[in-house]
Amino acid sequence: MSVSRPAAVIVLAAGEGTRMKSRIPKVLHEICGRAMLGHVLAASDELGPERTVVVVGHGRERVGAYVKEAAPEVSTAVQAEQNGTGHAVRVAVEELRDQGASLSGTVVLAYGDTPLLRGATLSGLVEAHEAAGNAVTVLSAEVPDPAGYGRVVRDADGVFTEIVEHADATEEQRAVDEINSGMYAFDGALLAEVVHRLSTDNAKGEEYITDAVAILRGDGHRVGAAPAADWVEIQGVNDRAQLAEARRLLNDRLLGDLMRAGATVVDPASTWVDVQVELGRDVVVEPQVRLRGSTRVGEGAQVGPGTTLTDTLVGEEAVVRETYAERAEIGPGATVGPFAYLRPGAVLRESAKAGTFVEVKNSTVGPGSKVPHLTYVGDADIGEGVNVGASSVFVNYDGVDKHRTTIGDHARTGSDNMFVAPVEVGPGAYTGAGTVVREDVPPGALAVSAGAQRNIDGWVQRKRPGTAAAEAAERALRDAEIRDEGAGKGE
């Protein structure tokens, strides 16, 4: 059976989440590169609903701003006072009506703190709901420990009859391990009517959407329950410990998908990925790696160990070890690290190298060019086949503005160079060790800036008497005199 496009999805995200003990609204806590609410919106978007509305309350400004940025097509409805789930759904229905929605199809209800929820599970709920012709279908799950949850009660024929809260359940009902997830598929027209009939006759004086099941059944409508294939998907996150558990479960799921697609993850327990990360076939991810944001790694590349990449593109067959990179581009066959730092705007072309203790920022290192070690490259354009000597600094900042340095193709720069931008080293040029390059170097020229070396004899003994250095110098000079005297006698 094909699943019809739902009339709407309602996501409840108004709760304060006091157990999180945080200034951040609960549904905005991050898990695998996306807010919890974002995961739910992504899952519900797979249904292709006509409309989606998020009910906001606590922290409404921040939650509303997140929704506007992450999913501009999604609207929000404000639950000014949190008077229960039924009240929240009524607020959403009124918002949908204000938008001109007819609600003549299926309306799905989900929660913003269930980041493990899959779109396929919601699709299965809608399919079961429409196939049975139900007024409402509960998304249920069989859980290892049902304590505290409302139980899904079925008759002898297995037909769903009611939801009984744990406190009100008999011993026989408490033995049932099928629980109510709190998520539903409703007939939209019936939902719009029943939300105005929910009672506040309970201990908290709130309207509960669970009561809609009994009301609709009492009116003679069909009600049903559809079990989720994996019970972990319906778990809500209420505190930091549950957030960590959900993060681990989602990370394991993501890694499993990547490995089944052809990537090798050597140690999944120490590897973390975000939901947008892409790995090509035959990629090898070593231990202690974190891949964040929209990072993409090309086929046959090796990443790690001890590497963090954020929004970074890694080309095919590249090798990236012990590296921190953010918004960088590493070309095919390039090598990075160990202990390298690629800052935003760093681009390494094909077969380029950024080696040990190298930092690159807003610069391009051309094809086959090497920056082997102990160097800062900032705001520079390095051509093809260049070798940059150790301990060099691209001096890009004059205290007010940033300036660029250009190194031409196949240039060779000596160790301990300072390139004081703006400056250009021409193609095929050389620079001597210790050179401070303040002026452009013509193609094929050798640039040196140091004069002849001058030694001031006896300076340490005069200026640093009594030091270990002075004593070592005295011993060496005496030993030299003795050797000279011995050599003279031998003559």
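Residues numbered from 1 in each chain as written. Predicted model: local features only at pLDDT ≥ 70, side-chain atom pairs only at ≥ 80, totals over all residues. Heavy atoms only, no water.

Caption draft 1: Structural context of the overall build of the protein chain. Within the protein chain, the secondary structure is distributed over 10 helices and 39 strands. Dimensions along the principal axes, computed over C-alpha positions, put the protein chain at roughly 125 × 45 × 40 Å. Buried residues in the protein chain amount to 45% of all 491 residues. If you take every contact in the protein chain between residues at least 6 apart in sequence, the share linking residues at least 24 apart comes to 41%. Accessible surface computed for the protein chain: about 23500 Å², of which carbon and sulfur atoms make up 47%. Charged side chains of the protein chain number 48 positive and 71 negative; the gap between the two group centres comes to 7 Å. (Helix = DSSP H or I, 4+ residues; strand = E, 2+ residues; numbered from the N terminus. Buried < 20%, exposed > 50% of the residue type's maximum accessible area, 1.4 Å probe, protein only. Contact = heavy atoms within 4.5 Å. Areas by Shrake-Rupley, 256 points an atom, 1.4 Å probe, with all protein chains shown as cover. Lys, Arg positive; Asp, Glu negative; His and termini not counted. Charge placed at Lys NZ, Arg CZ, Asp CG, Glu CD.)

Caption draft 2: Summary view of a negative patch on the surface. On the surface, Glu474, Glu481, Asp484 and Glu485 cluster together to form a negatively charged patch. Note that Glu481 resides in helix α10 (residues 468-490). (Patch = residues over 30% accessible without salt bridge, like charges linked within 9 Å, V, L, I, M, F, W, Y side chains within 5 Å. Salt bridge = Lys/Arg side-chain N within 4 Å of Asp/Glu carboxyl O.)

Caption draft 3: Highlighting the environment of Ser102. Of note, Ser102 is situated in the loop between α3 (85-98) and β6 (106-111). On the basis of relative accessible area, Ser102 is assigned to the exposed category, the value being 53%. Placed 72 residues apart in sequence, Ser102 and Arg174 show a C-alpha to C-alpha distance of 40 Å.

Caption draft 4: Structural view of unusual backbone geometry. Of the consecutive residues Gly304 and Pro305, the connecting peptide bond is found in the cis state with omega at 5°. Along the chain, Gly337 connects to Pro338 via a cis peptide bond; the corresponding omega equals 5°. Of note in the backbone geometry, Leu374 takes a positive phi value of approximately 55° without being a glycine. Judged by relative accessible area, which is 47%, Leu374 ranks as partly exposed. With a phi angle near 60°, Asp416 is a residue other than glycine that sits in the positive phi range. Structurally, Asp416 is set in the loop between β34 (412-413) and β35 (418-420).

Caption draft 5: Focus on the sheet that holds strand β33 (residues 405-407). Pairing is parallel in the open sheet, where nine strands are placed in the order β14-β17-β20-β23-β26-β28-β30-β33-β36. Each edge of the sheet is formed by a strand with only one pairing partner; in this case those strands are β14 (278-279) and β36 (423-425). Note that β33 and β36 share three bridges and pair parallel. By the bridge assignment for β36, Thr406 is matched with Glu424. (Pairing = 2+ DSSP bridges.)

Caption draft 6: Up close: the pattern of salt bridges. This structure, assessed with the given rule, holds 19 salt bridges. Measuring nitrogen to oxygen at the nearest pair gives 2.8 Å for the salt bridge that ties Arg343 to Glu359. With a gap of 16 residues between them, Arg343 in the loop between β25 (340-342) and β26 (347-348) and Glu359 in strand β27 (residues 353-361) connect regions that are remote in the sequence. Under the relative-accessibility criterion, Arg343 is labelled partly exposed at 25%. With a shortest N-O distance of 2.6 Å, Asp379 and Lys361 are connected by a salt bridge. Of this pair, Asp379 sits in the loop between β29 (370-378) and β30 (380-382) while Lys361 sits in strand β27, and the two are 18 residues apart along the sequence.

Caption draft 7: View of the pairing of β27. Bridge analysis of strand β24 (residues 335-336) against β27 gives two bridges, and the strand direction is parallel. Among the inter-strand pairings, Thr335 is bridged to a residue of β27, identified as Lys353. Note: β25 against β27, two bridges, orientation parallel. Among the inter-strand pairings, Tyr341 is bridged to a residue of β27, identified as Glu359. Here β27 pairs with β29 via seven bridges, running parallel. Across the sheet, the residue bridging to Lys361 is Gly378, located in β29.

Caption draft 8: The environment of Arg222, seen in detail. Of note, Arg222 is situated in the loop between α7 (211-218) and β11 (223-227). Through-space distance from the C-alpha of Arg222 to that of Ala8 is 20 Å; in sequence the pair is 214 residues apart. Once residues lying within four places of it in the same chain are set aside, the contact partners of Arg222 are Ala132, Gly133, Asn134, Ala135 and Val136. Polar contacts involving the side chain of Arg222 include one to the main-chain carbonyl oxygen of Ala132, which spans 2.9 Å. (Polar contact = N/O pair within 3.5 Å; in protein donor to acceptor, adjacent residues only side chain to side chain.)

Caption draft 9: Structural view of the nonpolar core. Residues Ile10, Leu37, Val54, Val89, Tyr184, Leu191 and Ile209 are the most contacted members of the largest nonpolar core, which totals 71 residues. Residues contacting Tyr184, with those up to four places away along its chain left out, are Val107, Val108, Leu109, Leu125, Val136, Thr137, Val138, Ile163, Ile209, Thr210 and Val213. Within the second largest apolar cluster, 59 residues are counted, among which are Leu279, Val371, Ile407 and Ala447. (Core = buried A, V, L, I, M, F, W, Y, C linked by side-chain atoms within 4.5 Å.)

Caption draft 10: Representation of the pairing of strand β1 (residues 8-13). Most of β1 sits inside the fold, with six of its six residues counted as buried. Here β1 runs beside β6; their pairing, made up of five bridges, is parallel. Its bridge partner lying in β6, Val9 is registered against Val108. Both β1 and strand β4 (residues 51-56) contribute to a ladder of six bridges, which runs parallel. In the sheet register, Ala8 faces β4, and the bridge partner there is Arg51.

Caption draft 11: Spatial organisation of the side chain of Gln79. Its place among the elements puts Gln79 in the loop between β5 (75-78) and α3. Other than its neighbours up to four places away in sequence, Gln79 contacts Ala14, Val55, Val56, Gly57, Gly84, His87, Ala88 and Val91.

Caption draft 12: Structural context of helix α1 (residues 36-45). Among the 10 residues in α1, eight count as buried, and that is most of the element. Considered for burial, the residues of α1 that qualify are Met36, Leu37, Gly38, His39, Val40, Leu41, Ala43 and Ser44.

Caption draft 13: Spatial organisation of a nonpolar patch on the surface. A cluster of nonpolar residues, Phe339, Phe357 and Leu374, forms a patch on the protein surface that exposes about 330 Å² of accessible area. Relative to the helices and strands, Leu374 is located in strand β29.

Caption draft 14: A look at helix α8 (residues 240-260). Helix length check: α8, at 21 residues, gives a terminal C-alpha distance of 30 Å against a target of 30 Å (1.5 Å per residue), a fit within 8%. Of all the positions in α8, only Leu243, Ala246, Leu250, Asn251, Arg253, Leu254, Leu255, Gly256 and Leu258 are classed as buried. The inward-facing, buried residues of α8 contact β2 (30-31), α1, β12 (264-265), β13 (271-273) and β14. In this structure Asp239 caps α8, since a side-chain oxygen of it lies 3.2 Å from the backbone nitrogen of Ala241. Within two residues after α8, Gly262 carries a phi angle of roughly 120°, on the positive side. (Expected span 1.5 Å × (residues − 1).)

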